[in-house]
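# Reading the structure
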Amino acid sequence: MDEILWTPKNIARIAENDLTPEDVEAALLDPVDESVSRSTGRPCVFGYTDDGDYIIVIYELLPQGIYPVTA
C-alpha cells in the first residue's frame, strides 16, 4: 500500500468526526468495500476502526501516497 499522508489539515478534519489517524488507517489498510463518493467523486473505502466502529474514508490518490480527505 502507498504511504498514508497526514497534515494538520486532514488530522483536524477527521477529528471533527471524533476519529484519529489510527482509526482512518485501520479502515484504509483493511477495507470491507470500496466505492466513489457521490458528493465529491473521490475514491472511498468502508471499514472498521480498531474499536469496531464502521466508517467511510474519502481520500485522494497523490503521487506521494494516499491523502485522507475526511472520514
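As the structure is a computational prediction, the values presented were derived from the model and not from experiment. (Residues numbered from 1 in each chain as written. Predicted model: local features only at pLDDT ≥ 70, side-chain atom pairs only at ≥ 80, totals over all residues. Heavy atoms only, no water.)

### A few points about the pairing of strand 2 (residues 43-48)
Of the strand pairs in this sheet, strand 1 (residues 33-36) and strand 2 are connected by 4 bridges, and their pairing is antiparallel. Residue pairing in the sheet places Val-36 in a bridge with Pro-43 of strand 2. Linking strand 1 to strand 2, which pair antiparallel, is a turn of 6 residues; within it Gly-41 sits at a positive phi near 80°. Bridge count between strand 2 and strand 3 (residues 54-62): 5 bridges; the pairing is antiparallel. What sits directly across from Gly-47, in strand 3, is Ile-55. (Pairing = 2+ DSSP bridges. Helix = DSSP H or I, 4+ residues; strand = E, 2+ residues; numbered from the N terminus.)

### A look at helix 2 (residues 21-29)
Of all the residues in helix 2, the buried ones are Pro-21, Asp-23, Val-24, Ala-26, Ala-27 and Leu-28. Where helix 2 is buried, its residues meet helix 1 (8-15), strand 2, strand 3 and strand 4 (65-70). (Buried < 20%, exposed > 50% of the residue type's maximum accessible area, 1.4 Å probe, protein only. Contact = heavy atoms within 4.5 Å.)

### So, the environment of Ala-27
Relative to the assigned elements, Ala-27 resides in helix 2. Under the relative-accessibility criterion, Ala-27 is labelled buried at 0%. Between the C-alpha atoms of Ala-27 and Pro-8, which are 19 residues apart in sequence, the distance is 20 Å. Once residues lying within four places of it in the same chain are set aside, the contact partners of Ala-27 are Val-45, Gly-47, Tyr-48, Ile-55 and Val-57.

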